[in-house]
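# Per-entry structural report
Chain residues, written in single-letter form:
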Amino acid sequence: MVKPFVPQLVYVEPRAMDYPLGKQLVEKFKGMGIEIKETTSHNQIRNLPGDNHFQKYRKAKSTLVIGVRKTLKFDTSKPSAEYAIPFVTGCMGHCHYCYLQTTMGDKPYIRTYVNVEEIFDQAGEYMKERMPEETRFEASCTSDIVGVDHLTHTLKKAIEYFGATEHGRLRFVTKFAHVDHLLDAKHNGRTRFRFSINDHYIIKNFEPGTSRLDERIEAAVKVAEAGYPLGFIIAPIYLHDGWQEGYGEMMEKLESKLPSFAKKDLTFEMIQHRFTKPAKRVIEKNYPMTKLELDESARKWKWGRYGIGKYVYQDDEQEQIKDTIAGYIDHMFPDAKIEYFT
């Protein structure tokens, strides 16, 4: 069982102390006996302890920075929502394949933002612009927010904020099972709580520091019983010896554990494994012993949305992935909606 995240080191931006959440978090971490340092900016943490890159990287992944989000313009780059809503940046998990490896670059530490009301106000402006249409906000583009929320309760506030709106919807995805504090949130059915799931081989080899599949499914059952709309992201779908059986077992496990009422309004998103050249360099630097297959010659080159090319599976492999996993979903969850395969 993966224990809930507790930072080894905390940095705080002076401006964060102007906000109630900033003060609360500093008091909380002082009470826990965690070392707290000051930093001029949440984007500039220097002199992290460690003798080499390997040590510094691991220390960064267990460092929490309490800061103020200055840029309140929301990103619009998710297939599952109109806007990304920024509460946290960075993640305590060690998923070898994660795209945050390159987007975080030399800042793999976790940043939590305390100007939550300002972020909500900006979300309100975006909702007004799109009325009377609904506006969906994705809270996990740059982090696994559930992994840190037992400490901050920012996500819980967001769930209740959107629960009280008419035109707002919140979405996020997690690999962590630490959901108990979110079960009594007044969500009013306006938050879709999604879990990232994968087969045993992937979780065991490439997702250290995250909850195991059984723990995630157990948490999903609790979330369904709390009345949340539920979803699953199967990602990254990765071809390995026995992958069809591995994903079949994963789906059977999910089907056997989920209560029947939770299978009615269920969404699935499917994302194949992909990587970029810069990601490959960073992954091999951060996880030099990884078994992750990153052979460009075996893949198909595809242009990304921002002019950065990525390596995906060959067309016939993609068809096989889609047919196999969509087949499992159609057979075991006939009422579920597959939102996309990418």
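## As for unusual backbone geometry
In this structure, the amide linkage connecting M131 to the following residue, P132, adopts the cis form with an omega of 5°. Relative to the helices and strands, P132 resides in the loop between helix 4 (116–130) and strand 7 (135–138). Cis geometry is found at the peptide bond from A235 to P236, where omega equals -10°. Mapping P236 onto the fold places it in strand 10 (residues 230–237). Backbone geometry at H153 places phi at a positive 60°, although glycine is not the residue there. Within the secondary structure, H153 sits in the loop between helix 5 (146–152) and helix 6 (154–163). Within the chain, N188 stands out as a residue other than glycine whose phi angle is a positive 50°.

## Examining the environment of D144
Position of D144 relative to the elements: it lies in the loop between strand 7 and helix 5. Among residues more than four places away in sequence, those in contact with D144 are G90, C91, V173, T174, K175 and F176. There is a polar contact of 2.7 Å between the side chain of D144 and the backbone nitrogen of K175.

## Quick notes on the sheet that holds strand 5 (residues 88–89)
The strand order 2-1-3-6-5 describes an open sheet built from five strands, whose pairing is mixed. The outermost strands of the open sheet, each flanked by one partner alone, are strand 2 (35–38) and strand 5. Summarising the sheet, strand 3 (residues 63–67) and strand 6 (residues 110–113) pair through four bridges and their orientation is parallel. Pairing of G67 across the sheet is with Y113, part of strand 6. Sheet strands in contact with helix 1 (residues 20–31) are strand 1 (9–12), strand 2, strand 3 and strand 6, and its direction is about 150° off that of strand 3.

Cut-offs and rules
Residues numbered from 1 in each chain as written. Predicted model: local features only at pLDDT ≥ 70, side-chain atom pairs only at ≥ 80, totals over all residues. Heavy atoms only, no water. Helix = DSSP H or I, 4+ residues; strand = E, 2+ residues; numbered from the N terminus. Contact = heavy atoms within 4.5 Å. Polar contact = N/O pair within 3.5 Å; in protein donor to acceptor, adjacent residues only side chain to side chain. Pairing = 2+ DSSP bridges. Axes fitted to C-alpha atoms, helices over the stretch in contact; angles between N-to-C directions.

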